[in-house]
Amino acid sequence: MRINIRLLHKLLVSYVMLVVLPLLIILAFFYPFTTNIIKEKSSDWNEHSTEQLMHSMDIFTKYVYNLPSEILHNRDIKPYMVADNPYQHIIIMNEMKKYNVTDAFIENALLYLKDAQYFFSNKGSAYTLNDFDRRGVGYYYAQWPVSQMDEELQQLTSPMVRPVESVIVPGGHSVKLLSFVLPLPLGGEQSPGSLLILVRERTILDMMNSSGEDSNGIFIITDHDKRCLVASIGCEEVEATDFHTVLQSEQAQLQGTIEKTIHADKYLISEQVSESTGWHYIRLLPVTETIQDVRNIQYMTLLLLLIIVVITSGIVYLSLRHNYEPIKRLVDAASTLFEPTNNDKLNEIDTIHYALNQLTITRDTLDEKIKLTEPKIRDQIILELLLGQYDDWDSFCIDSSPYDIHFPYPYVTVSTVLLEQELDNGMLQYCREQLEAASSNDELMSIHIVRSTYNREFIIIFNHHKQASLFQSVEELQKQLKQQYDVDCLIGISNKHKLNHEQPQSFYVAYLQASRCLEQIRFQRTTMIMEYSDALQSSQGVISYQTELMQSLELAIIKTDVEQIEQLTKQIQSYMSNDGMLPHIRRTIYLNTMSILFNALEKHQQDNSSILNHIEFVFQHRYTLDQMLNIMSDTSRKLCELTLAALPNTARRTPSEQIIALMEEHWADPNLSLQFMADQFQMSPSNFSYHFKKSMGQNFKEYTDQLRIQQSIQLLKSTEESIEAIALQVGYINASSFIRSFKKIIGMPPGQYREQAKSSEQSMYHEQ
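Residues numbered from 1 in each chain as written. Predicted model: local features only at pLDDT ≥ 70, side-chain atom pairs only at ≥ 80, totals over all residues. Heavy atoms only, no water.

A. Seen up close, the overall build of the protein. For the protein, the count of helices and strands is 27 helices and 18 strands. Looking at the protein as a whole, 44% of its 768 residues are labelled buried. Sequence separation of at least 24 residues holds for 61% of the intrachain contacts in the protein that already meet a minimum separation of 6. Carbon and sulfur atoms provide 52% of the accessible area of the protein, an area that totals close to 42,200 Å². (Helix = DSSP H or I, 4+ residues; strand = E, 2+ residues; numbered from the N terminus. Buried < 20%, exposed > 50% of the residue type's maximum accessible area, 1.4 Å probe, protein only. Contact = heavy atoms within 4.5 Å. Areas by Shrake-Rupley, 256 points an atom, 1.4 Å probe, with all protein chains shown as cover.)

The following block contains the structure:
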């Protein structure tokens, strides 16, 4: 087989470009855009983590700097009477124990009094200055000799902070501590002593880890002189590497985030400066590791693109070679059927294109001929007119003129006839003959009769003058049907409508009026023939009440409240059974209610075919009121059974009241957890979490935090207890978790909230 290689290559290149070009355009936008987005998000998070660490440290250091003032104002501690009064030593040791409430942050607080030459610990111990030179007895500083310590403590007039260093604590263990050395009072002359406050490095590192979820980040805390105090990699590592250049850089003093290269690696650097202590909080986040996942995705995308191009090229090439013979035969057939108008030689593609154009022209010509000769059913045209499918009268005239359908008189009235048995062609023909005979005797009226969309119903259109009497005609037809076929029929008659040859909607309105009359006869059976003027009744207040019932039913289904579903179904049935209810409104309520019930059933049943059959059975027949009520009851009962079966056994007997009662009893317990609550109701944690959110409107943690924070607000306003003490009282295991939850819900830290609350109360007091 001879293959056109040139054409084959053209097609191959076209297919490949069709795949590659859009992907290359997407990647050209996707690659730089995603990298920049990741950097921006990382910068924002880096800055947020730094700010969060600064706020947390400010809370604890504020207490550290306030502690000398509190001790100095303690009337039981008399620094100037300790030299010759040993009993005063015991009093000071007991008083120092009262400041043992901040062990979560402070390792130890040592009160040094110059006259006594003693350190009094808040853990109830006392040390001489010489004890600090003995390993395992006092606090031994390898880089802070006792002689230097004594000299600095004697001359101390302003706060001093020693960076993290190894200290051998009583007992012989080596611990890395951050040391605050504060005079009594702060900034005072001739101080009676000093306060040495020790903070574990591990405590501050834990705060750094909780502030930044990214373990690759580096935290550095420096004082106002840019001296490293604490670092997540250790101050020794910072000083020994190029990281110390960050501390001395002028750019690092700027608020916000910058990008800088250190050790040939790029870092996102964020810095925050505390207004209370003047400390610098710096966080370095490696850019390479931050965007590494994005890079991996980009590389995989390129690899996938190459694989797609190779596979597509192979498939296209093989397909073209395999399908060339059918294409060649198609070209030969097209050349035989349609000879080009010019003598130019066409290639395969052009030949097929030319043949398709000729086929399209031939098809359009045949369609036009078929439309001209296609017979339209007379009754179908009239039925479309009744159903409002003609927007203007001219369109109807164009379709109806070949079939001699005319409405010469100025008024139109529509009547719908419902038989108690199925309408056959013989019966319809008999009715048509009787009505045509009646119209031939009345020169003021013409009649058209067509089948309805229902098997037992047909429609009569009376075109007449205003004074024509129609009631007698349909009444006579009713009698003749009874005599000839022994069948009863119900007849609804519309009002007389004046024809508007610009708007054909009068036929549609008349048909709706006749159908409404027929519906009312079917439900009430007070008469066999009814005109629309007799069917009018007031429907005030119907829509709003039935809408409320429907909305309540949908809400009960969403809440899986079986009792409420059953109760609302009975209310709807009682409402439908009202004797004054109009038939079309009663049917509307039935259809809307069944739609809501079937939508809920589809969520529980997997057999969609059975549901569709059931829907067709319910909606495509006309039923009596009793039949509608029975169908509604059966469907509601089935929905309630499936709803109960879908619920866990324990969920059916776990009302919201029991959950609320148990939460109110245990909200302050630190051990309160999702597992604890699930065990109380004998459920798995996942099932209880789903049921809790469904019952309470929010997840378990959000509800617990809101309950605890509301209780803490009262304690902040009414007591002077510390933040740490309040955190323990309301169920948090540490102050950091409490502060984080409080700020998330209230929008500010608890200390700031307490200050604002006090300021507000004082302003109200002054106004009074």
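B. Structural detail: the nonpolar core. The biggest cluster of nonpolar side chains holds 42 residues, and the ones touching the most others in it are Leu111, Leu178, Phe180 and Trp279. Core analysis: the next-biggest nonpolar cluster, separate from the first, contains 31 residues, Ile557, Tyr590, Leu597 and Leu625 among them. (Core = buried A, V, L, I, M, F, W, Y, C linked by side-chain atoms within 4.5 Å.)

C. View of the sheet that holds strand 4 (residues 140-141). What the 7 strands build is an open sheet, ordered 3-2-1-7-6-5-4; its pairing is antiparallel. Either end of the sheet is taken by a strand with one partner, and the two such strands are strand 3 (126-128) and strand 4. Relative to strand 6 (residues 174-184), strand 5 (residues 160-168) runs antiparallel, the two being bridged by 7 bridges. Across the sheet, Glu165 pairs through a bridge with Leu177, a residue of strand 6. Helix-sheet contacts for helix 2 (residues 86-97) involve strand 1 (108-113), strand 2 (118-121) and strand 3, and the interaxial angle to strand 2 is about 35 degrees. Contacts from helix 4 (residues 201-211) reach strand 5, strand 6 and strand 7 (193-200) within the one sheet, and its direction differs from that of strand 7 by about 55 degrees. (Pairing = 2+ DSSP bridges. Axes fitted to C-alpha atoms, helices over the stretch in contact; angles between N-to-C directions.)

D. Main features of the state of the cysteines. Applying the stated criterion to the full structure yields 1 disulfide. Disulfide partner of Cys228: Cys235, at an S-S distance of 2.2 Å. The sign of the -75 degrees torsion about the S-S bond sets the Cys228-Cys235 disulfide as left-handed. Taking the relative accessible area as the measure of exposure, Cys235 reaches 11% and is therefore buried. With no disulfide of its own, Cys431 lies closest to Cys489 among cysteine sulfurs, the gap being 7.8 Å. For Cys431, a relative accessible area of 0% puts it in the buried group. (Disulfide = S-S within 2.5 Å.)

E. Geometry of a nonpolar patch on the surface. On the surface, Met300, Leu303, Ile307, Ile311 and Ile315 cluster together into a nonpolar patch covering about 480 Å² of accessible area. Structurally, Ile311 is set in helix 8 (residues 292-337). (Patch = residues over 30% accessible without salt bridge, like charges linked within 9 Å, V, L, I, M, F, W, Y side chains within 5 Å. Salt bridge = Lys/Arg side-chain N within 4 Å of Asp/Glu carboxyl O.)

F. Just helix 11 (residues 393-400), in detail. Buried residues of helix 11: Trp393, Phe396 and Ser400, and no others. Down the axis of helix 11, the buried set is contained in an arc of 60 degrees. They therefore lie on one face. Looking at helix 11, the residues exposed on the side facing more than 90 degrees away from the buried face are Asp394 and Ile398. For helix 11, the capping residue at the N-terminal end is Asp392, with a side-chain oxygen 3.3 Å from the backbone nitrogen of Asp394. (Arc of directions from axis to C-beta. Polar contact = N/O pair within 3.5 Å; in protein donor to acceptor, adjacent residues only side chain to side chain.)

G. Focus on the pattern of salt bridges. Under the counting rule described, the total for this entry stands at 13 salt bridges. In this structure, the salt-bridge partner of Arg162 is Glu165, at a minimum N-O distance of 2.7 Å. Using a relative accessible area of 13% as the deciding quantity, one classes Arg162 as buried. Connected through shared salt-bridge partners, Glu107, Lys123 and Arg200 make up one network.

H. Molecular detail of the side chain of Thr719. Examined against the element boundaries, Thr719 turns out to sit in the loop between helix 24 (700-718) and helix 25 (723-729). Here Leu715 takes part through its backbone oxygen, which lies 2.5 Å from a polar atom of the side chain of Thr719. Setting aside anything within four residues of it in sequence, one finds Thr719 in contact with Ile726 and Arg754.

I. How the structure looks around unusual backbone geometry. With a phi angle near 65 degrees, Lys226 is a residue other than glycine that sits in the positive phi range. Within the element layout of this structure, Lys226 appears in the loop between strand 8 (218-222) and strand 9 (228-231). The phi torsion at Asp486 lies on the positive side, around 55 degrees, for a residue other than glycine. Tracing the chain through its elements places Asp486 in the loop between helix 13 (471-485) and strand 16 (489-493).

J. Structural context of the packing of helix 24 against helix 26 (residues 735-746). One way to put it is that helix 24 packs onto helix 26 with a least axis distance of 10 Å and a crossing angle of 95 degrees. Relative to helix 26, the element helix 24 is oriented roughly perpendicular. Contact residues: Asp705, Gln706, Ile709, Ser712, Ile713 and Leu716 in helix 24; Phe738, Ser741, Phe742, Ile745 and Ile746 in helix 26. The residue makeup of the contact of helix 24 with helix 26, split by class, is 7 nonpolar, 3 polar and 1 charged. (Parallel < 35°, antiparallel > 145°, perpendicular 65-115°, else oblique. Nonpolar A, V, L, I, M, F, W, Y, C, P; charged D, E, K, R; others polar.)

K. Representation of the pairing of strand 12 (residues 280-286). Judged by how many residues are buried, strand 12 sits mostly within the fold: 7 of 7 residues are covered. Note that strand 8 and strand 12 share 5 bridges and pair antiparallel. Looking at the pairing, Ile220 lines up with Ile282 of strand 12. Pairing between strand 11 (residues 265-273) and strand 12: 7 bridges, direction antiparallel. By the bridge assignment for strand 12, Tyr267 is matched with Pro286. Linking strand 11 to strand 12, which pair antiparallel, is a turn of 6 residues; within it Gly278 sits at a positive phi near 80 degrees.

L. Representation of the side chain of Arg586 within the structure. For Arg586, the position within the fold is in helix 18 (residues 583-604). For Arg586, a relative accessible area of 4% gives the class buried. A distance of 2.8 Å separates a polar atom in the side chain of Arg586 from the backbone oxygen of Met576.

M. Geometry of the packing of aromatic side chains. The full count for this structure, using the stated rule, is 21 aromatic pairs. Measuring from centroid to centroid gives 6.3 Å for Tyr127 and Phe132, while their planes differ by 85 degrees, and the two rings are edge-to-face. Judged by relative accessible area, which is 11%, Tyr127 ranks as buried. Seen from their ring centres, Phe396 and Phe407 are 6.1 Å apart, and the 35 degrees between their planes marks the pair as tilted. One end of the pair, Phe396, is in helix 11; the other, Phe407, is in the loop between helix 11 and strand 13 (411-419), with 11 residues separating them in the sequence. Residue classification places Phe407 among the buried residues on the basis of a relative accessible area of 7%. Cluster of aromatic residues (ring-pair linked, three or more members): Tyr112, Phe119, Tyr127, Phe132 and Tyr139. (Phe/Tyr/Trp six-rings, centres within 6.5 Å; stacked < 30°, edge-to-face > 60°.)

N. Expanded view of the confidence of the model for the protein. On average, residues of the protein carry a pLDDT of 78, and 78% of them reach 70 or more. This model gives residues 538-543 a pLDDT under 50, and the stretch forms 4 contacts once residues within four places in sequence are excluded. (pLDDT = per-residue confidence, 0-100.)

O. Highlighting the environment of Glu657. Looking at where Glu657 falls in the secondary structure, it is placed in helix 21 (residues 656-666). We classify Glu657 as exposed; its relative accessible area is 59%.

P. Representation of the environment of Leu418 in the model. By the secondary structure assignment, Leu418 is in strand 13. Accessibility expressed as a relative area gives 7% for Leu418, which makes it buried. Not counting residues up to four positions away in its chain, the partners in contact with Leu418 are Arg456, Glu457, Asp488, Cys489, Leu490, Leu518 and Arg522.

Q. How the structure looks around the pairing of strand 1. Extensive coverage of strand 1 is indicated by the burial of 6 of its 6 residues. Here strand 1 shows two buried faces, one formed by Asn108, Leu110 and Tyr112 and the other by Ala109, Leu111 and Leu113. Two elements, strand 1 and strand 2, share 4 bridges in a ladder whose sense is antiparallel. Its bridge partner being in strand 2, Leu113 is matched across the sheet by Tyr118. Counted along the chain from strand 1 to the antiparallel partner strand 2, the turn is 4 residues long, and its residue Gln117 has a positive phi close to 60 degrees.

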